Amino acid sequence: MPTGKDGYNQGRTNERNASCERDASMTAENADLPLDLEERLRFEMLIADLSSEFVQLPSGDVDRKIENAQRRVCQCLGLDLSALWQWSVEAPHFLTLTHLYRALDGPPTPERMDASEFFPWCQQQLMSGKIVAVCSLDELPAEAARDREMWLHYGIKTSLTFPLSAGGCLPVGALSFNTVREERTWPEQIVKRLQLVAQIITNALARKRTDEILRENQECLELAADSAGAGLWSLDLATGTYWLTKKTRELFGLEENEVLTFDRFVSLVHPEDRALIRQTVKTAVQSKQKASVEYRIVRPDGSVNWFASRGRIRCGRSGEPERVMGVSVDITDRKRAENELKERLQFEKLLADLSAIFVNVPSEQLDEQIDGSLKMLVDFLGNDRSTLVEFDPGAHGSVIHSYAVPGIEPFAVGPLADDWLPWYVNQFRNGKAVFLKRLPDDLPPEAKEEKRYCLTHGIKSNVTVPLTARGTVLGALTFGFLQRHCDWPEVVVSRLQLLQNNCDTALAPRDAPRRGLLYPLHLSQSFGIGEL
């Protein structure tokens, strides 16, 4: 009376088995055990719960989850018994009872039995991949006499048994659902849904049977799926050596065949982060918990990259940690964006503080406040010198304030000769911002005097922003690097150029308070800025 893979046994040859087949195709409305809408919903929710519970289920939890699934299915459908038998690898005809749920007492079941002796007909059906659906023992074919005898011995009235196979291979076991108190039919909808439960359990058993190396690779693949493009690694705690993927070696700048030990890895870490790495690994091993850490790696070319690593402890059969398995991703771009935003906010705060300084400042204190503000800007931006130039009504420029870090000479206060730096002065006199990353190479051919001056005085980078009010250039504010070059990202250039449009009271005549000098500067990036 077993059915085919779709829940029916196409090989039934007698009328009584055909009657059971008709029962198996009955709808929920006319089956012996009708499923109303609420019951169907409850059963579908159970199937969904079981599906989610077995996804990526750790091997150590598989047995407990299978027994829990047997109990929940039986209780939901009013069944009395569920048994899971697995074939022995060494002797395929021998079955081992590995999981059992029983609502009622009954004869003791053997832990191991010869299926060909006790259930020969049923075994033959299962080995051919068929589902065995028994609605009544009276409807069994004559060749199932031995099977009928065993079912009677255990008080089984009806039975539904699924072969457990994965990947098209031969069955590795069987899962049965049975009734003891009364007979029942197996509607098609129930057969198909329980077949899904059998497949879920089959997959869980297949994972459980995978040896240690395959399980380790599986966990690595799961991590890879969660972190596409990341580097996978495994640290053997006994030997202190790493297993690395090719991507991991690329991320850390390692040779293809280089052996990486934990101490060697720590040596790649930025000195300021090494203690953090050691402590994170130590804590994870001691607590057997997952861990995550962000740190810097110094690559062979001297560049510094930020990484985020997540790892989990893998314990051996003794329960002691054997490995740390994890994934690492390069987060340099994210860190750079975070730092830029942080520095931008800090700089905005600095400008707001400077604005507050110049509100209602007495004229006799203005020069002192300007000098102090230039120092604050230089200290924050990390450049070497900042100079304030003012134009008189005749467009003649004069240095009125200049601040430089120790070891660098500030510009001397006083008039700027027109023939001293003619190209340079003419640029900001005409309201043009000047951004020079590499001096003197970035200067045009006509800036001969400026090239000579840069070489003589060691100027390496410069930016000058004209200060305008109502379309009139009143002066310029310059920042400069004399000890190193400074690149100007496009976002920096665009933000600095806003200075020309946001300085409506930048400069006033020398005999009037110049209190709008610095606070209108809406610079939004923190970076080193150069000056000439």
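See the structure shown above.
What you see as residue numbers is a count from 1 along each chain, following the sequence as written. Local features are withheld for residues below a pLDDT of 70 in this predicted model, meaning they are given only at 70 or higher, and side-chain atom pairs are given and counted only at 80 or more; totals for whole chains, interfaces and linings count all residues. Excluded from the side-chain calculations are hydrogens and water; all other atoms, namely the structure's heavy atoms, are used.

Participant: Describe the overall build of the chain, and please don't skip the residues or the numbers.
Facilitator: Secondary structure elements are taken from DSSP: a helix is a run of H or I of four residues or more, a strand is a run of E of two residues or more, and numbering for both begins at the N terminus. Broken down by element type, the chain carries 16 helices and 17 strands. Here's how the labels work: a residue is buried when its accessible area is under 20% of the maximum for its type, exposed when over 50%, partly exposed in between, all with a 1.4 Å probe on protein chains only. The buried share of the chain, taken over its 532 residues, is 48%. When contacts within the chain are restricted to residue pairs at least 6 apart in sequence, long-range pairs at least 24 apart make up 59% of them. Only the protein chains shown count as cover for residues, and all accessible areas are computed by the Shrake-Rupley method using a 1.4 Å probe. Carbon and sulfur atoms provide 51% of the accessible area of the chain, an area that totals close to 26500 Å². Should any heavy atoms of two residues lie within 4.5 Å, those residues are considered in contact.

Participant: Give me unusual backbone geometry: which residues, what numbers.
Facilitator: Looking along the chain, the bond that leaves Leu-439 and enters Pro-440 is cis, with omega of 5°. Tracing the backbone shows Pro-440 in the loop between strand E15 (434-436) and helix H15 (448-457). Of note, the phi angle at Lys-288 is positive, near 60°, even though the residue is not glycine. Note that Lys-288 resides in the loop between helix H11 (274-287) and strand E9 (291-298). Judged by relative accessible area, which is 38%, Lys-288 ranks as partly exposed.

Participant: Quick one: what's the story with helix H14 (residues 422-429), residue by residue and with numbers?
Facilitator: All of the buried residues in H14 are Trp-423, Tyr-424, Val-425, Gln-427 and Phe-428. At its buried positions, H14 is contacted by strand E12 (385-391), E15, H15, strand E16 (461-469) and strand E17 (472-481). Looking at the residues trailing H14, positive phi occurs at Gly-431, about 80°.

Participant: Please give an account of the pairing of E16 that cites residues and values.
Facilitator: Burial within E16 is extensive, with nine of its nine residues counted as buried. In E16, alternate side chains face the same way, and those of Ser-461, Val-463, Val-465, Leu-467 and Ala-469 on one face and Asn-462, Thr-464, Pro-466 and Thr-468 on the other are all buried. In terms of strand pairing, E15 meets E16 through three bridges, oriented antiparallel. From the neighbouring strand, Leu-436 faces E16, where its bridge partner is Asn-462. Direction of pairing for E16 relative to E17: antiparallel, over a ladder of nine bridges. The partner of Thr-468 across the bridge, within E17, is Val-473. DSSP-based pairing: two strands are paired if at least 2 bridges between them are found.

Participant: Quick rundown of helix H7 (residues 188-209)? Include the residues and the values.
Facilitator: Spanning 22 residues, H7 covers 31 Å between terminal C-alpha atoms, matching the ideal 32 Å at 1.5 Å per step. Here H7 has its buried residues at Ile-190, Val-191, Leu-194, Val-197, Ala-198, Ile-200, Ile-201, Thr-202, Ala-204 and Leu-205. At its buried positions, H7 is contacted by helix H2 (37-54), helix H3 (62-77), strand E1 (81-87), strand E2 (94-102), strand E5 (158-164) and strand E6 (173-179). To estimate the expected span of a helix, count its residues, drop one, and scale the result by 1.5 Å.

Participant: Could you give an account of the packing of aromatic side chains, with specific residues and numbers?
Facilitator: For this analysis, a ring pair means two rings from Phe, Tyr or Trp (six-membered ring only for Trp) whose centres lie within 6.5 Å, classed as stacked if their planes differ by under 30 degrees, edge-to-face if by over 60, and tilted for the remaining angles. Within the structure shown, the criterion is met by 12 aromatic pairs. Aromatic pair Phe-252 and Phe-307: ring centres 4.9 Å apart, planes at 65°, arrangement edge-to-face. With Phe-252 in helix H9 (residues 246-252) and Phe-307 in strand E10 (residues 304-315), this pair connects stretches of sequence that are 55 residues apart. Like Phe-307, Phe-252 is buried. With a centroid separation of 5.6 Å and an interplanar angle of 85°, the aromatic rings of Trp-420 and Tyr-453 are classed as edge-to-face. Highlighted residues: Trp-420 in the loop between strand E14 (414-415) and H14 and Tyr-453 in helix H15, separated in sequence by 33 residues. When its relative accessible area of 33% is taken as the criterion, Trp-420 is described as partly exposed. Assessed through its relative accessible area of 10%, Tyr-453 is described here as buried. Members of the aromatic cluster, each reached through a chain of ring pairs, are Trp-233, Tyr-242, Phe-252, Phe-265, Tyr-295 and Phe-307. Consider the ring centre and the ring normal. A charge sits over the ring if Lys NZ or Arg CZ is within 6 Å of that centre and within 35 degrees of that normal. Over the aromatic face of Trp-186 sits the side chain of Arg-184, whose NZ or CZ is 4.5 Å from the ring centroid.

Participant: Residues and numbers for the sheet that holds E6, please.
Facilitator: The strand order across the open sheet built from six strands is E3-E2-E1-E6-E5-E4, with neighbouring strands paired in antiparallel fashion. The outermost strands of the open sheet, each flanked by one partner alone, are strand E3 (112-114) and strand E4 (132-134). Between one strand and the next, the sheet's axes are offset by a mean angle of 20°, whatever the strand orientation. Where E2 meets E3, three bridges bridge the pair, whose relative direction is antiparallel. Paired with Leu-95 across the bridge in E3 is Met-113. For helices, the fitted axis covers only the stretch in contact; all axes are lines through C-alpha atoms, and the angles between them, taken along N-to-C directions, range from 0 to 180 degrees.

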